[in-house]
Number of protein chains: 2
Amino acid sequence: MSLREKKKTETKNKIFEVSGRLFKEKGFEKTTVDEITKEAGIAKGTFFNYFSTKEALLLYFGEQKEELIYGLIENETMKGIPTKEKITNFLVFLAESVEKDKELTKLMVFEYTRYMVHSYLGPCEDKCRLHRLTETLFGLLDEGVKVGDVKTSLDVYKASEIITGVYLHSLIMWLNSEDKISFSNEISGKIDMLFEGIGV
Amino acid sequence: MSLREKKKTETKNKIFEVSGRLFKEKGFEKTTVDEITKEAGIAKGTFFNYFSTKEALLLYFGEQKEELIYGLIENETMKGIPTKEKITNFLVFLAESVEKDKELTKLMVFEYTRYMVHSYLGPCEDKCRLHRLTETLFGLLDEGVKVGDVKTSLDVYKASEIITGVYLHSLIMWLNSEDKISFSNEISGKIDMLFEGIGV
DNA sequence: GGTCAAATGTGACCACAGTCATAAATATAA
DNA sequence: TTATATTTATGACTGTGGTCACATTTGACC
């Protein structure tokens, strides 16, 4: 690693570290880029060499966290249990990890939306968090069809989209709630209903 | 109506009208408050007497549209058809009305999220668009239980939340898509699946 | 270690949302 | 009509995110 690269990652890490501390202390909105750069010992312009906007920094936080989560999931003991339980465990795990920092999650959902709206950032690639979730669910359901846990006639992709939607909505409701409800409980209840169906 | 009130609504309408035109011409982001006020023939400060932020104006657009939609729905010919069809018709109608102006919808979804995040605006009252949708669905499903279209054992509220989630997710996917998919088609397909269930 | 090109750093500067003390317009009371 | 209170309008001003022309540092090649 060249000196340049070393300094680069050093600076990026410094920004990450300082802003993380400041966000926890005073929140995202009330932390200014000026503060971050001052504390990090760099010029304001430098900040924007690393993150195109203040919000991009937030997305970076999200990415870091996401990598951790999906990494953990693949190492989970998810063998030999029914598909419904696999999916429930997976989503509950996601929910629990999100429940740990409600404020950060709020901000990230918000930024994700902004990202979506301002599509000059290019169409959905890995930026689309929801796609990743849908793909993972697709994998689980597809296996379920083979095993016989799930209707063979099922449009598996549509089903994974539905589950993603239910997850997203529960997340949003939880973010809006005054904390009386448990996100992870909500989720598992709804998965049950999805598997049974609504009609008679 | 006093002179004051008359002038007030006049000014508000002027802002509404001018900004509507400008948003269509140049988009929301590129339209500045200065422009709006200049064209409306008022001072900048006056704008903020009517809308606390530039974004509040966007929400106002949304509210206006929503009133129209829900108004129409109650007058619809929705008598005597099965619950599943009622729900499908309702959501397809919503979807179609949203499909008419994708950009505005994007912005509104975005602002709705912002509204949610910055909860110093007070907790969810009528601001919660999703709640209204869930309540409407609840009404339809509840009737369905009585009529026998829907499982009697069903947790009706949970089911309406699920449907809301599916609607929301389809909306978001459609907003992100490059226009090849039809939002309203997506929705009706997914309602079918919800009624049948995923499990064997 | 001298020279050039490319990458990175810098901070004065700008655009724009939002504020606030003050002025103008309107209502109320006499 | 005059005097006073209340509501609404005004625009200079401020704070902050983001830009850009220029300075500095680094790496490659001789």
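Residues numbered from 1 in each chain as written. Chains lettered and ligands numbered in written order. Predicted model: local features only at pLDDT ≥ 70, side-chain atom pairs only at ≥ 80, totals over all residues. Heavy atoms only, no water.

## Considerations on the overall build of chain A
Then step 1. When helices and strands are counted, chain A shows 9 helices and 0 strands.
Then step 2. Ordered by position from N to C terminus, the α and β elements of chain A give α-α-α-α-α-α-α-α-α.
Then step 3. For the C-alpha atoms alone, the extent of chain A along its principal axes is close to 65 × 45 × 35 Å.
Then step 4. Counting across all 200 residues of chain A, residues that qualify as buried make up 50%.
Then step 5. Of the roughly 10400 Å² of accessible surface on chain A, a fraction of 52% belongs to carbon and sulfur atoms.
Then step 6. Side chains of chain A give 29 positive and 33 negative charges; the mean places of these two sets differ by 6 Å. (Helix = DSSP H or I, 4+ residues; strand = E, 2+ residues; numbered from the N terminus. Buried < 20%, exposed > 50% of the residue type's maximum accessible area, 1.4 Å probe, protein only. Areas by Shrake-Rupley, 256 points an atom, 1.4 Å probe, with all protein chains shown as cover. Lys, Arg positive; Asp, Glu negative; His and termini not counted. Charge placed at Lys NZ, Arg CZ, Asp CG, Glu CD.)

## Focus on the relation of the copies chain A and chain B
Copy one and copy two of the chain differ by a rotation about a common axis and a shift along it.
Then step 1. Superposition record for chain A on chain B: RMSD 0.1 Å, screw rotation 180°, translation along axis 0.0 Å. The transformation relating the two chain copies, once decomposed into turn and shift, fits a two-fold axis. In terms of C-alpha distance to the rotation axis, chain A has Gly197(A) as its closest residue, with the C-alpha 1.7 Å off the axis.
Then step 2. The overlap is high: 100% of the interface residues of chain A also sit at the interface in chain B, so the same surface is used on both sides. (Least-squares fit on C-alpha atoms with pLDDT ≥ 70 in both. Contact = heavy atoms within 4.5 Å.)

## Brief notes about the pattern of salt bridges
Then step 1. A full pass over the atoms with the stated rule returns 22 salt bridges over all chains.
Then step 2. Between Glu161(B) and Lys190(A) there is a salt bridge; the shortest N-O distance is 3.1 Å. Separated into two different chains, Glu161(B) in helix H8 (residues 156–176) and Lys190(A) in helix H9 (residues 183–196) make up a pair that spans both. An identical accessibility class is assigned to Glu161(B) and Lys190(A); each is buried. (Salt bridge = Lys/Arg side-chain N within 4 Å of Asp/Glu carboxyl O.)

## Focus: the protein's contact with DNA strand D
Then step 1. Looking at DNA strand D, there are 22 residues lining it, with Leu3(A), Arg4(A), Lys7(A), Lys54(A) and Thr46(B) nearest.
Then step 2. The sugar-phosphate share of atoms of DNA strand D within 4 Å of the protein amounts to 63%.
Then step 3. Between Leu3(A) and DNA strand D, the recorded distance is 2.6 Å, taken from a backbone N or O atom to a phosphate oxygen.
Then step 4. At a separation of 2.9 Å, a base nitrogen of DNA strand D approaches a polar side-chain atom of Lys44(A).
Then step 5. Going through the elements one at a time, helix H1 (3–26), helix H3 (44–50) and helix H4 (54–74) of chain A together with helix H1 (3–26) and helix H3 (44–50) of chain B are the ones with two or more residues in the surface near DNA strand D. (Near = heavy atom within 4 Å. Polar contact = N/O pair within 3.5 Å; in protein donor to acceptor, adjacent residues only side chain to side chain.)

## Section: the interface of chain A and chain B
Then step 1. Between chain A and chain B, the contact holds 49 residues from the first and 49 residues from the second.
Then step 2. When chain A packs against chain B, close to 4500 Å² is buried across both sides, 71% of that on carbon and sulfur atoms.
Then step 3. The largest share of the area that chain A buries against chain B comes from Phe110(A), Met116(A) and Ile198(A), three residues that together contribute 16% of it.
Then step 4. Where chain A meets chain B, there are 8 residue pairs in polar contact (both at pLDDT 80 or more).
Then step 5. Contributions of two or more residues to the side of chain A that touches chain B are made by helix H6 (102–117), helix H7 (129–147), helix H8 (156–176) and H9 of chain A.
Then step 6. It is H8(A) that provides the largest number of residues to the side of chain A that touches chain B, a total of 14 residues.
Then step 7. Its residues placed into classes, the side of chain A that touches chain B shows 24 nonpolar, 13 polar and 12 charged. (Buried area = accessible area lost by both parts, 1.4 Å probe. Nonpolar A, V, L, I, M, F, W, Y, C, P; charged D, E, K, R; others polar.)

## Overview of the environment of Ser177(A)
Residue and element names in this part refer to chain A.
Then step 1. As for its position among the elements, serine 177 is in the loop between H8 and H9.
Then step 2. Look at serine 177 and you get buried, because its relative accessible area is 19%.
Then step 3. Polar side-chain contacts of serine 177 include one of 2.8 Å to the backbone oxygen of tryptophan 174.

## Quick notes on the packing of helix H7 (residues 129–147) of chain B against H8(B)
Residue and element names in this part refer to chain B.
Then step 1. At a closest axis distance of 8 Å, the pairing of H7 and H8 adopts a crossing angle of 130°. Classified by the angle their axes make, H7 and H8 are oblique. In the packing of H7 onto H8, the handedness of the crossing is right-handed. Between H7, through Leu130, His131, Leu133, Thr134, Glu135, Leu137, Phe138, Leu141, Asp142 and Val145, and H8, the contact on the second element is made entirely by Val156, Tyr157, Ala159, Ser160, Glu161, Ile163, Thr164, Tyr167 and Leu168.
Then step 2. Grouping the constituent residues of the contact of H7 with H8 by class yields 12 nonpolar, 4 polar and 3 charged. (Axes fitted to C-alpha atoms, helices over the stretch in contact; angles between N-to-C directions. Parallel < 35°, antiparallel > 145°, perpendicular 65-115°, else oblique. Left-handed = near helix turned anticlockwise from the far one by under 90°.)

## Focus on the packing of aromatic side chains
Residue and element names in this part refer to chain A.
Then step 1. Counting across every chain of the model gives 23 aromatic pairs over all chains.
Then step 2. Consider the rings of phenylalanine 23 and phenylalanine 61, whose centres lie 5.9 Å apart with planes at 45°: the pair is tilted. With phenylalanine 23 in helix H1 and phenylalanine 61 in helix H4, this pair connects stretches of sequence that are 38 residues apart. Of the two residues, phenylalanine 23 and phenylalanine 61, neither departs from the other in class, the shared state being buried.
Then step 3. Both rings, one in phenylalanine 138 and one in tyrosine 157, keep their centres 6.0 Å apart while their planes meet at 55°; by these two values the pair is tilted. One end of the pair, phenylalanine 138, is in helix H7; the other, tyrosine 157, is in helix H8, with 19 residues separating them in the sequence.
Then step 4. For phenylalanine 138, a relative accessible area of 27% puts it in the partly exposed group. (Phe/Tyr/Trp six-rings, centres within 6.5 Å; stacked < 30°, edge-to-face > 60°.)

## Regarding the protein's contact with DNA strand C
Then step 1. In the region of DNA strand C, 21 residues are neighbours, and Thr46(A), Arg4(B), Lys7(B), Lys44(B) and Lys54(B) sit closest.
Then step 2. In this structure, a phosphate oxygen belonging to DNA strand C sits 3.0 Å away from a main-chain N or O atom of Ala43(A).
Then step 3. Separating a base oxygen of DNA strand C from a side-chain N or O atom of Arg4(B) is a distance of 2.8 Å.
Then step 4. Listing elements by their share of the surface near DNA strand C, those giving two or more residues are H1 and H3 of chain A together with H1, H3 and helix H4 (54–74) of chain B.
Then step 5. The element contributing the most residues to the surface near DNA strand C is H3(A), with 4 residues.

## Notes on the confidence of the model for chain A
Residue and element names in this part refer to chain A.
Then step 1. On average, chain A scores 87 in pLDDT, and the residues at 70 or more come to 92%.
Then step 2. By mean pLDDT, the top-scoring element of chain A is H3 (97), and the lowest-scoring one is H6 (79).
Then step 3. Confidence drops under pLDDT 50 across residues 120–126; counting only partners more than four residues distant or on other chains, this segment forms 4 contacts. (pLDDT = per-residue confidence, 0-100.)

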